[in-house]
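Take a look at the letters that make up each chain.
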Amino acid sequence: MSKNQTKPINWLSASKLKTVENCSFLYEGKYRLKLPDETNDGAILGGITHDILELLNNKPKYFKYVSKILKSDKLPAPLIKLLKRKLTSQKCSLDNLDKLISFILVALAYDFWMDGGEVKKPETYFELTGKYNTRGYIDAHAIYTDEKGDKYCIIRDYKSQKNKFTNKELDKNIQAYIYLLAAKKLYPQIKIEKSRVEFVLLQFPEDPIQVVQNVTDETLAGIEDYLTYIQGYIDEFGEEHSTSNLAAHQDYPKPEDGFCGKIMCGRASFKGELKKDGLNKLWSCAMKFPYDYFSLYEGEKLVKSAYTEAELLPVKPNQTIKQQHFGGCPAFNKKTVNIESEGFEF
């Protein structure tokens, strides 16, 4: 990097923080090496659900439309047609259509218009910069006034995850804390201790709501200290740190710990190993086993990686594609190396 170039901001996110805490080598692969990662159906369904909710979150235009959906508990044919197009465009099986419809119905059924509040723009963008740097989007939020005249914020976040948060995960939910820090910056007049974050778990229609509340300003000050510390650690993270905290060297988690520790590595002893039924593959961490892949560079800057060369085409004149080999996690492979072949320019 030349003297005139500014070092890019290493933005913190809840997923990035969780990854670096849980396994240093998984962080190395996902964020420093930017290795290719297969998008799962759950993430695709969650993304489509967010798109539809943002579209419908226009009360003057869609109030009657949404009311009819809630009354019939069914989505109209044009909306279903749109969902099919979105699934197809993202190469996601139409077998997921019923689940996607259920996600949308769950979200709409839970106080979708946030009645009684001053509703803010859906998908509101925020940035928090300085000693730490984080940014993101708030799915939905509104400002309310209680009987004492105090203002507070309710933040809503739609989740497509398979499991609910454990009590321990809720108590230490960094995403909720970041949302509350953002709300504090956006609306200085609100009382943080009266504000809350509502997670809407779309896979649990009978009981979808989990809440983080009663957070104090003192707690948020402590969270800012933590974010400042972790920002420094991540900014200096290099290959020498990649084996400092391997999930494979940790214990299996207790139920209240959630998905962490040795269980993150998966049960498979080799890539593609099947379950006892002989049909379905045993799950394993994407970084567990070796594989070949391709990376796209602009000069020395890594732009992105993919499993096939075709996924990176076409390229610009100043870009180079390099075929590389990932050696897998050092806890399961004797030699873990990243070997670059000679690149070719276009």
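Here's a quick rundown of the structure. (Residues numbered from 1 in each chain as written. Predicted model: local features only at pLDDT ≥ 70, side-chain atom pairs only at ≥ 80, totals over all residues. Heavy atoms only, no water.)

## Structural notes on the overall build of the protein chain
Then comes step 1: A count of helical and extended segments in the protein chain gives nine helices and 12 strands.
Then comes step 2: In terms of overall dimensions, the protein chain is globule-like: its C-alpha atoms have a radius of gyration of 22 Å, near the 20 Å expected for 346 residues.
Then comes step 3: For the protein chain, the spread of C-alpha atoms along the three principal axes comes to 65 × 50 × 50 Å.
Then comes step 4: Taken over 346 residues, the protein chain has a buried fraction of 43%.
Then comes step 5: Counting only contacts in the protein chain whose residues sit at least 6 apart along the sequence, the fraction spanning at least 24 positions is 60%.
Then comes step 6: About 20000 Å² of surface is accessible on the protein chain, with carbon and sulfur atoms providing 51% of the total.
Then comes step 7: Positive and negative side-chain charges in the protein chain, numbering 50 and 47 respectively, have mean positions lying 4 Å apart. (Helix = DSSP H or I, 4+ residues; strand = E, 2+ residues; numbered from the N terminus. Rg over C-alpha atoms; globule rule 2.2 N^0.38 Å. Buried < 20%, exposed > 50% of the residue type's maximum accessible area, 1.4 Å probe, protein only. Contact = heavy atoms within 4.5 Å. Areas by Shrake-Rupley, 256 points an atom, 1.4 Å probe, with all protein chains shown as cover. Lys, Arg positive; Asp, Glu negative; His and termini not counted. Charge placed at Lys NZ, Arg CZ, Asp CG, Glu CD.)

## Examining the environment of tyrosine 252
Then comes step 1: Checked against the element boundaries, tyrosine 252 lands in the loop between α9 (217–235) and β8 (291–298).
Then comes step 2: Along the backbone, tyrosine 252 and glutamine 213 are 39 residues apart, and their C-alpha atoms lie at a distance of 29 Å.
Then comes step 3: Once residues lying within four places of it in the same chain are set aside, the contact partners of tyrosine 252 are Lys262, Ile263 and Arg267.

## Focus: the nonpolar core
Then comes step 1: Judged by nonpolar contacts, the single largest core of 36 residues is most densely connected at Leu17, Ile155, Val197, Phe199 and Leu227.
Then comes step 2: Put simply, the parts of the chain that give this core at least two residues each are α1 (14–22), β2 (124–128), β5 (151–159), α8 (174–186), β6 (196–201) and α9.
Then comes step 3: Ranked by residue count, the leading element in this core is α8, at nine residues.
Then comes step 4: Setting aside anything within four residues of it in sequence, one finds leucine 17 in contact with Leu12, Ile174, Ile178, Tyr226, Leu227, Ile230 and Ile234.
Then comes step 5: Grouped together as the second largest cluster of nonpolar side chains are 29 residues, Leu75, Leu82, Leu87 and Phe103 included. (Core = buried A, V, L, I, M, F, W, Y, C linked by side-chain atoms within 4.5 Å.)

## Quick look at unusual backbone geometry
Peptide bonds are trans in most cases, and residues, glycine excluded, mostly fall at negative phi.
Then comes step 1: That bond from leucine 313 to proline 314 is cis: its omega, -5°, falls within 30 degrees of zero.
Then comes step 2: Note that proline 314 resides in the loop between β9 (301–306) and β10 (319–326).
Then comes step 3: Of note, aspartate 73 is a non-glycine position whose phi angle comes to about 60°, a positive value.
Then comes step 4: Examined against the element boundaries, aspartate 73 turns out to sit in the loop between α4 (59–72) and α5 (77–89).
Then comes step 5: Phi at lysine 91 takes a positive value of approximately 55°, unusual for a residue other than glycine.
Then comes step 6: Position of lysine 91 among the secondary structure elements: in the loop between α5 and α6 (97–109).
Then comes step 7: Classification of lysine 91 by relative accessible area gives exposed; the value is 81%.

## Describing a nonpolar patch on the surface
Then comes step 1: A surface patch of nonpolar side chains, amounting to about 430 Å² of accessible area, comprises Tyr252, Phe259, Ile263 and Trp283.
Then comes step 2: Using a relative accessible area of 49% as the deciding quantity, one classes tryptophan 283 as partly exposed. (Patch = residues over 30% accessible without salt bridge, like charges linked within 9 Å, V, L, I, M, F, W, Y side chains within 5 Å. Salt bridge = Lys/Arg side-chain N within 4 Å of Asp/Glu carboxyl O.)

## A word on the sheet that holds strand β1 (residues 118–119)
Then comes step 1: The strand order β1-β4-β5-β6-β7 describes an open sheet built from five strands, whose pairing is mixed. At either end of the open sheet lies a strand with only one pairing partner, and these are β1 and β7 (209–213).
Then comes step 2: In terms of strand pairing, β6 meets β7 through five bridges, oriented antiparallel. Among the inter-strand pairings, valine 197 is bridged to a residue of β7, identified as valine 212.
Then comes step 3: In the packing of α8 onto the sheet, contacts are made with β5, β6 and β7, and the angle to β5 comes to roughly 140°. (Pairing = 2+ DSSP bridges. Axes fitted to C-alpha atoms, helices over the stretch in contact; angles between N-to-C directions.)

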